[in-house]
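In case you want the letters, here they are:
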Amino acid sequence: MRRTIVGMLAVGLLQAAVYFIALRSDGPEGGMASGSIDVNCYTQSARSLVEGHPFCHSPGEPPSTGTTSVAYPVLLAAPMACGVTGTRIYAAVFGWSVVLYFVFLAAWGAVIATCLPAGVGRFAAAALVSLSGHCAFTAFMGSDQALWMAVSALFALALVRGGVGSLAVLAVAAPWVRPEGMMVVVSLGVFGVLARRRGW
């Protein structure tokens, strides 16, 4: 299992280095570029949290999340509360993206190693996940999708390992991460009821 996870994380580290170079070369002098236009929405929401008018883009306006995730701006608010401002916030966003992408890769590595015996099948599955350009692009674009990728991968790991406590924590967190989190929770609830009634 360890070799699978380490191998996937090594690929992720290489991908992160490439994205870092790309974003750094495209940013203002001494700074990084934004991974996507969505980043500005999330950083504005995070700033409102730090400034004491949560979910209002300007003081006095009626509350509105303005984003598809409630949890992600809270993550971004942490570096802002520590004094990170201006274009440096893009570097903080990238840092969170790396952490969340590594959680995604490690969780799926554990799922793959748990479900598949060592051999070609496990190697192929790990390669398909870690070498997917779409996964890396989604993680490093700086939106809440990276957080959802991490949470959904942890969901898969908890399901495979039968971690009821982990599932409960994730079920509470998921709707705050992305709207599809609510659908996952509802689907798991329906499946749980059916499984109990039918003795699965």
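Draft legend 1. Molecular detail of the overall build of the chain. A tally of regular secondary structure across the chain gives nine helices and zero strands. Sequence-ordered secondary structure for the chain, helices as α and strands as β, is α-α-α-α-α-α-α-α-α. In terms of overall dimensions, the chain has a C-alpha envelope of 55 × 40 × 25 Å along the principal axes. Taken across its 200 residues, the chain has 38% of its residues classed as buried. Taking the contacts inside the chain whose residues are at least 6 apart along the sequence as the reference set, 68% of them involve residues at least 24 apart. Treating the 11 positive side-chain charges of the chain as one cloud and the 7 negative ones as another, the clouds have centres 23 Å apart.

Draft legend 2. Summary view of the side chain of glutamine 15. Assignment of secondary structure puts glutamine 15 in helix H1 (residues 2-26). A relative accessible area of 14% places glutamine 15 in the buried class. Residue contacts for glutamine 15: discarding those within four places in its chain leaves Tyr101, Ser130, Leu131, Ser132, Ala136 and Phe140.

Draft legend 3. View of the nonpolar core. Judged by nonpolar contacts, the single largest core of 48 residues is most densely connected at Tyr72, Tyr101, Phe104, Phe140 and Val151. Those elements that place two or more of their residues in this core are H1, helix H2 (38-51), helix H3 (71-81), helix H4 (88-115), helix H5 (120-130), helix H6 (133-140), helix H7 (145-161) and helix H8 (164-177). What phenylalanine 104 contacts, discounting residues up to four positions off in sequence, is Val129, Cys135, Met149, Ala150 and Ala153.

Draft legend 4. How the structure looks around the packing of H7 against helix H9 (residues 179-198). Interaxial distance between H7 and H9 falls to 11 Å at its minimum, and their mutual angle equals 15 degrees. In terms of axis orientation, H7 runs roughly parallel to H9. Taken as a pair, H7 and H9 cross one another with a handedness that is right-handed. Within the contact between the two elements, H7 uses Trp148, Phe155 and Leu159 and H9 uses Glu180, Gly181, Val184 and Leu188. Among the residues making up the contact of H7 with H9, the classes are represented as five nonpolar, one polar and one charged.

Draft legend 5. Region of the structure containing the packing of aromatic side chains. The full count for this structure, using the stated rule, is six aromatic pairs. A connected cluster of aromatic rings, assembled from ring pairs, spans Tyr19, Phe20, Phe94, Tyr101, Phe104 and Phe140.

Draft legend 6. Looking closely at the pattern of salt bridges. Scanning the model with the defined rule gives two salt bridges in all. Taking the shortest distance from any N to any O, the salt bridge between aspartate 144 and arginine 178 comes out at 3.1 Å. Here aspartate 144 is found in the loop between H6 and H7, whereas its partner arginine 178 is found in the loop between H8 and H9, with 34 residues between them in sequence. Arginine 178 carries the same exposure label as aspartate 144, and that label is buried. With a shortest N-O distance of 3.3 Å, arginine 178 and glutamate 180 are connected by a salt bridge. Judged by relative accessible area, which is 13%, arginine 178 ranks as buried. Among the charged side chains, a salt-bridge network with shared partners connects Asp144, Arg178 and Glu180.

Criteria and cut-off values
- Residues numbered from 1 in each chain as written.
- Predicted model: local features only at pLDDT ≥ 70, side-chain atom pairs only at ≥ 80, totals over all residues.
- Heavy atoms only, no water.
- Helix = DSSP H or I, 4+ residues; strand = E, 2+ residues; numbered from the N terminus.
- Buried < 20%, exposed > 50% of the residue type's maximum accessible area, 1.4 Å probe, protein only.
- Contact = heavy atoms within 4.5 Å.
- Lys, Arg positive; Asp, Glu negative; His and termini not counted.
- Charge placed at Lys NZ, Arg CZ, Asp CG, Glu CD.
- Core = buried A, V, L, I, M, F, W, Y, C linked by side-chain atoms within 4.5 Å.
- Axes fitted to C-alpha atoms, helices over the stretch in contact; angles between N-to-C directions.
- Parallel < 35°, antiparallel > 145°, perpendicular 65-115°, else oblique.
- Left-handed = near helix turned anticlockwise from the far one by under 90°.
- Nonpolar A, V, L, I, M, F, W, Y, C, P; charged D, E, K, R; others polar.
- Phe/Tyr/Trp six-rings, centres within 6.5 Å; stacked < 30°, edge-to-face > 60°.
- Salt bridge = Lys/Arg side-chain N within 4 Å of Asp/Glu carboxyl O.

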